[in-house]
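# Breakdown of the fold
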There are 2 protein chains.
Amino acid sequence: MAEVGFARFSAREVAKRIGYAVGTLYNVFGSYDRLIVAINTRTFEQWAAYLEDRLAQPSTDRIAALVEGYFSFAAEHMPLWTAIYDHRLPPDMAMPEGFAARRGALTDVVVREVAAVLPVQLRDRAPRLARSLVATVHGHCTFALNGSFALLGETAPLDMAIARVRESLAASGASMPLADTG
Amino acid sequence: MAEVGFARFSAREVAKRIGYAVGTLYNVFGSYDRLIVAINTRTFEQWAAYLEDRLAQPSTDRIAALVEGYFSFAAEHMPLWTAIYDHRLPPDMAMPEGFAARRGALTDVVVREVAAVLPVQLRDRAPRLARSLVATVHGHCTFALNGSFALLGETAPLDMAIARVRESLAASGASMPLADTG
DNA sequence: TATTTTAATTGATCACCGTCTAATTTCGCA
DNA sequence: TGCGAAATTAGACGGTGATCAATTAAAATA
């Protein structure tokens, strides 16, 4: 998946490379969709670990570090990252047991960091605000990587994303380092 | 495309339904990717027309109308809308001549409306801010429609998107109707 | 160890796909 | 009417996901 991306990924090629027959893959994963779900859930976990690793390094602005980490993980693992959003479960198929929780770990990191900068009396709003800020950053990251921003002449998508996040956190009374106005 | 979605769309089925052979489609559009580009550009234009139509109806909050229009077009034409972002041009293929401009019409609508609420001395910032706000709304819309928000327990993605947009516009000194806090 | 039971693995088969080419049909115009 | 150009076609090629009866390997039992 990391090499060829979602569109050119195939179970046959996976089987060939690991030295098994296609049928074995299907016996193990059940279906093509479940194989993709397994791969993408693994990517989510790598992503969360990547962010935690960045946060573990000393930094004055952990929120900016999160946004940058979101962008750079996507950029450094573009085929894996886009596969997450390229894949859609069939309408009749639910996310297999346990996978949803493993994926949620990524959001948990953001909720924790958002809560840390909110005034104590507003910390219960952190989960909703965090989800919304992830969506904001996701939108900017998507347009940055799929060329939409470039097509429109935008050259600094990351700066825009950070600015939007800071504005929303400020509107909720968060205490943060001053913006780096370059 | 509107019926079966990006993953199950095929040129063969198109040819069958319009009563031509596959080769004819290939001769007309050149490749599968160019066929998809043509379809998706058409969707962009329908989307822009959809937004203009909504703005033509009397409204006290044109910004909110834009965000709602973004969401509702996506929801009402989910397979068409997702096809736009599911498709990625091969690295060696540029967007065919003229298609980029046709797609940009959608952003132009947003730039115009953002400029209208900004203080006159800041109107030159409208293009960049508008692009960023589109990305913000796009992120929320994506998570709303692909089930990410539902999985995390979020029940009002549209409200969140509008709130984020209002915060960012307010931070730029925009004059807008008061938020509906109902 | 010899035998039986269970688990793992295979690959041929099916109905599709995008792409391409040679051959054919249709059309516009002299 | 005839001809050259344009449009259209069928079919081949190498792929795809999915399936499942048959086979092989491993484990459990006697």
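Below or above, wherever it landed, is the structure these notes cover. (Residues numbered from 1 in each chain as written. Chains lettered and ligands numbered in written order. Predicted model: local features only at pLDDT ≥ 70, side-chain atom pairs only at ≥ 80, totals over all residues. Heavy atoms only, no water.)

### As for the interface of chain A and chain B
- Contact with chain A, which involves 32 residues of that partner, is made by 32 residues of chain B.
- Across the chain A to chain B interface the summed buried area is about 2,800 Å²; carbon plus sulfur atoms make up 60%.
- Considering only the side of chain A, the residues that lose the most area to chain B are Arg-131, Phe-143 and Leu-152 of chain A, jointly responsible for 19% of the buried surface there.
- Inspection of the region where chain A meets chain B yields six salt bridges.
- Salt-bridge contacts for Glu-154 of chain B lead to Arg-131 of chain A; the nearest nitrogen and oxygen are separated by 2.9 Å.
- If you tally residues by element for the side of chain A that touches chain B, the top one is helix 8 (residues 126-146) of chain A, at 14 residues.
- Counted by class, the side of chain A that touches chain B contains 14 nonpolar, eleven polar and seven charged residues. (Contact = heavy atoms within 4.5 Å. Buried area = accessible area lost by both parts, 1.4 Å probe. Salt bridge = Lys/Arg side-chain N within 4 Å of Asp/Glu carboxyl O. Helix = DSSP H or I, 4+ residues; strand = E, 2+ residues; numbered from the N terminus. Nonpolar A, V, L, I, M, F, W, Y, C, P; charged D, E, K, R; others polar.)

### Observations regarding empty space enclosed by the protein
- Evaluated as defined, the whole model comprises two cavities of 30 Å³ or more.
- Of the voids in this model, the largest cavity is the one considered here, and its volume is about 140 Å³.
- For the largest cavity, the full set of lining residues is Leu-51, Ile-63, Leu-66, Val-67, Tyr-70, Val-110, Val-114, Leu-133, Val-134, Val-137, Val-165 and Leu-169 of chain B.
- At the level of secondary structure, the elements contributing two or more residues to the lining of the largest cavity comprise helix 5 (62-76), helix 7 (99-117), helix 8 (126-146) and helix 10 (157-171) of chain B.
- Per-class residue counts for the lining of the largest cavity are twelve nonpolar, no polar and no charged.
- A volume near 30 Å³ is recorded for the second largest cavity.
- Forming the walls of the second largest cavity are Ala-11, Leu-25, Tyr-26, Phe-29, Ser-31, Tyr-32 and Leu-35 of chain A.
- For the lining of the second largest cavity, the secondary structure elements donating two or more residues are helix 3 (22-29) and helix 4 (32-56) of chain A.
- Considering every element that reaches the lining of the second largest cavity, the biggest residue donor is helix 3 of chain A, with three residues.
- Of the residues that constitute the lining of the second largest cavity, the class distribution is six nonpolar, one polar and no charged. (1 Å grid on protein atoms, 1.4 Å probe; cavity = no way out; pocket = protein on both sides within 12 Å on 5 of 7 lines; lining within 4 Å. Points joined across faces, edges and corners; volume = space filled by probe spheres on them.)

### Re the layout of surface pockets
- In this model, the second largest pocket occupies a volume close to 400 Å³.
- Residue lining of the second largest pocket: 14 residues in total, with Arg-128 of chain A together with Met-160, Ala-163, Arg-164 and Glu-167 of chain B positioned closest to the centre.
- If you list the elements that add at least two residues to the lining of the second largest pocket, you get helix 8 of chain A together with helix 10 of chain B.
- Broken down by element, the residue count for the lining of the second largest pocket peaks at six residues, all from helix 10 of chain B.
- Residues that form the lining of the second largest pocket fall into these classes: eight nonpolar, one polar and five charged.

### Side note on the pattern of salt bridges
Residue and element names in this part refer to chain B.
- Under the definition given, this model contains 24 salt bridges over all chains.
- Residue Glu-52 is joined to Arg-112 by a salt bridge in which the shortest nitrogen-to-oxygen separation is 3.0 Å. In this pair, Glu-52 is assigned in helix 4 (residues 32-56) and Arg-112 in helix 7, connecting sequence segments 60 residues apart.
- Judged by relative accessible area, Glu-52 falls into the partly exposed class, the value being 32%. (Buried < 20%, exposed > 50% of the residue type's maximum accessible area, 1.4 Å probe, protein only.)

### Concerning the relation of the copies chain A and chain B
- When chain A is fitted to chain B, the best match, at an RMSD of 0.0 Å, comes from turning it 180° and sliding it 0.0 Å along the axis. This pairing of chains is accounted for by a two-fold axis.
- Taken together, the interface assignments show that 100% of the residues at the interface of chain A recur at the interface of chain B, consistent with an identical surface on both copies. (Least-squares fit on C-alpha atoms with pLDDT ≥ 70 in both.)

### Looking at the protein's contact with DNA strand D
- Contacts to DNA strand D come from 14 residues, most closely from Arg-12, Tyr-26 and Tyr-32 of chain A together with Ala-21 and Asn-27 of chain B.
- The contact atoms of DNA strand D, taken as those within 4 Å of the protein, divide so that sugar and phosphate hold 59%.
- The separation between a phosphate oxygen of DNA strand D and a polar side-chain atom of Tyr-20 of chain B is 3.4 Å.
- Within the backbone of Ala-21 of chain B, a nitrogen or oxygen atom sits 2.7 Å from a phosphate oxygen of DNA strand D.
- Where the surface near DNA strand D is concerned, the elements lending two or more residues are helix 2 (11-18) and helix 3 of chain A together with helix 3 (22-29) of chain B.
- Element by element, the count of residues in the surface near DNA strand D is highest for helix 3 of chain B, at three residues. (Near = heavy atom within 4 Å. Polar contact = N/O pair within 3.5 Å; in protein donor to acceptor, adjacent residues only side chain to side chain.)

Function cannot be read off these values alone, since they describe shape.
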